[in-house]
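What the coordinates show
Below are the chains, spelled out letter by letter.
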Amino acid sequence: MDTEAEPEQALLVGVAIKGKRTPWSMEDSLRELEQLASTAGAEVVGTIPQNLEKHSVTYLGKGKVEELLELREALQFDTLICDDELTPTQQRNLESSFKDQVKVIDRTALILDVFARHARSKEGQLQVELAQAEYLLPRLAGQWSHLERLGGGIGTRGPGESQIETDRRLIGHRIHRMKRELDEVRKQREQHRQRRSNSGIPVISLVGYTNAGKSSLL
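Anyway, here's the lowdown on the structure attached to this text.

Rules of the game
Residues numbered from 1 in each chain as written. Predicted model: local features only at pLDDT ≥ 70, side-chain atom pairs only at ≥ 80, totals over all residues. Heavy atoms only, no water. Helix = DSSP H or I, 4+ residues; strand = E, 2+ residues; numbered from the N terminus. Contact = heavy atoms within 4.5 Å. Areas by Shrake-Rupley, 256 points an atom, 1.4 Å probe, with all protein chains shown as cover. Buried < 20%, exposed > 50% of the residue type's maximum accessible area, 1.4 Å probe, protein only. Pairing = 2+ DSSP bridges. Expected span 1.5 Å × (residues − 1). Phe/Tyr/Trp six-rings, centres within 6.5 Å; stacked < 30°, edge-to-face > 60°. Lys NZ or Arg CZ within 6 Å of the ring centre and 35° of its normal. Salt bridge = Lys/Arg side-chain N within 4 Å of Asp/Glu carboxyl O. Core = buried A, V, L, I, M, F, W, Y, C linked by side-chain atoms within 4.5 Å. Right-handed = clockwise from strand over helix to strand, strands pointing away. Axes fitted to C-alpha atoms, helices over the stretch in contact; angles between N-to-C directions.

A few words on the overall build of the protein chain. Within the protein chain, the secondary structure is distributed over 9 helices and 4 strands. Excluding contacts between residues fewer than 6 apart, the proportion of contacts in the protein chain whose partners are at least 24 apart in sequence is 69%. Summing over all exposed atoms, the protein chain offers an accessible surface of approximately 14,400 Å²; the carbon and sulfur share of this is 51%.

Attention now moves to the pairing of strand S3 (residues 79-82). Burial along S3 is two-sided: the residues Thr79 and Ile81 and Leu80 and Cys82 are all buried. Bridge count between strand S1 (residues 9-17) and S3: 4 bridges; the pairing is parallel. Bridge assignment links Leu12 to a residue of S3, and that residue is Ile81.

This part covers helix H4 (residues 107-118). Helix length check: H4 (12 residues) gives 17 Å between terminal C-alpha atoms against 16 Å at 1.5 Å per residue, within 8%. Those residues of H4 lying buried are Arg107, Ala109, Leu110, Leu112 and Val114.

On to helix H1 (residues 26-39), then. The end-to-end C-alpha separation of H1 is 20 Å, in line with the 20 Å expected for 14 residues at 1.5 Å each. Taken residue by residue, H1 has Met26, Ser29, Leu30, Glu32, Leu33, Leu36, Ala37 and Thr39 as its buried positions. Elements in contact with the buried residues of H1: S1, strand S2 (43-52), S3 and H4. Following H1 by one or two positions, Gly41 has its phi on the positive side, about 95°.

Bringing the environment of Arg168 into the picture now. Checked against the element boundaries, Arg168 lands in helix H8 (residues 159-199). With relative accessibility at 34%, the residue Arg168 sits in the partly exposed group.

The subject of this paragraph is the side chain of Gln90. Along the chain, Gln90 falls in helix H3 (residues 88-97). You can call Gln90 buried: its relative accessible area is 10%. Excluding residues within four positions of it along the chain, Gln90 makes contact with His55, Ser56, Val57, Thr58, Tyr59 and Glu85.

Another aspect to go through is the packing of aromatic side chains. Tallied over the full model, the rule gives 1 aromatic pair. On the basis of an interplanar angle of 80° and a centroid distance of 6.0 Å, the ring pair of Phe77 and Phe98 is categorised as edge-to-face. Here Phe77, found in the loop between helix H2 (62-75) and S3, pairs with Phe98, found in the loop between H3 and strand S4 (103-106); they are 21 residues apart in sequence, far enough to count as distant. Pair check on accessibility: Phe77 and Phe98 agree, each one buried. The lysine or arginine in question, Arg139, covers the ring of Tyr135, its NZ or CZ lying 3.8 Å from the ring centre.

Close approach of charged atoms allows side chains with opposite charge to pair. Under the criterion given, the structure shown has 20 salt bridges. A single network of salt bridges, built from pairs that share partners, joins Glu123, Asp183, Arg186 and Arg189.

A few words now on the nonpolar core. Counting residues in hydrophobic clusters, the biggest one holds 18 residues, and the most contacted among them are Val13, Tyr59, Leu60, Leu68, Leu80, Cys82 and Leu94. Elements represented by at least two residues in this core include exactly S1, S2, H2 and S3. Ranked by residue count, the leading element in this core is S1, at 4 residues. Beyond its immediate stretch of four places on either side in the chain, Leu68 contacts Leu11, Val13, Ile48, Leu60, Phe77, Leu80 and Phe98.

Here S3 runs beside S4; their pairing, made up of 4 bridges, is parallel. Across the sheet, Cys82 pairs through a bridge with Asp106, a residue of S4. Handedness of the crossover is the feature at issue here: the chain leaves S3, passes through H3, returns alongside S4, and the resulting connection is right-handed.

Turning to the sheet that holds S1, a few remarks are in order. What holds strands together in a sheet is hydrogen bonding between their backbones, with the strands either parallel or antiparallel. Reading across from one edge, S2-S1-S3-S4 is the order of the 4 strands in this open sheet, with parallel pairing throughout. With one partner strand each, in any of the chains shown, S2 and S4 form the two edges of the open sheet. This sheet shows a mean twist of 20° between the axes of neighbouring strands, independent of strand direction. Sitting on the sheet, H2 touches S1, S2 and S3, and the angle it makes with S2 is about 165°.

Written out as structure tokens, the structure is:
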């Protein structure tokens, strides 16, 4: 039996805001997003740009969202990756548009995933985990909106709020713990750095973007 997980089928979308200057063109930005998605293990089934006057509550325009709903039948994508950082509301609204059958992530979540895959040192892993927890914290409310819609009454009084507060507290404790561990790792790293400095042996660092070939060069 083949136990290897099937790659996620990802559709990439990006929005160019009229009059907003950006260092890259929409085409270049989506091309880079495609490389990041491939690095994260996704199979890109298409890229769709859109020009807008301003971002909407669903990130994309209403007509474009309807177009994506129709495209899903043809492309069979299960992940939608947006080329900007989404607000928690935008992310939840997009997921609701697909009746929660399509996972919606943004560029920030994708980059954090790539970092998590490649983090090797204890400090690097902690930094990525901390960044992911801080990214998730303001997005918790949307995870329990289906409970909030139940309203008040017997058997439904306050389940959404209590679950949100529980999750926030747990993530808050996790963030505090990781920050404390990072401080300890940094102290140890500083001690090692001082020893290397005292030894007089040259130290070389390799710095480069994702897939630039750092490991191969090393």
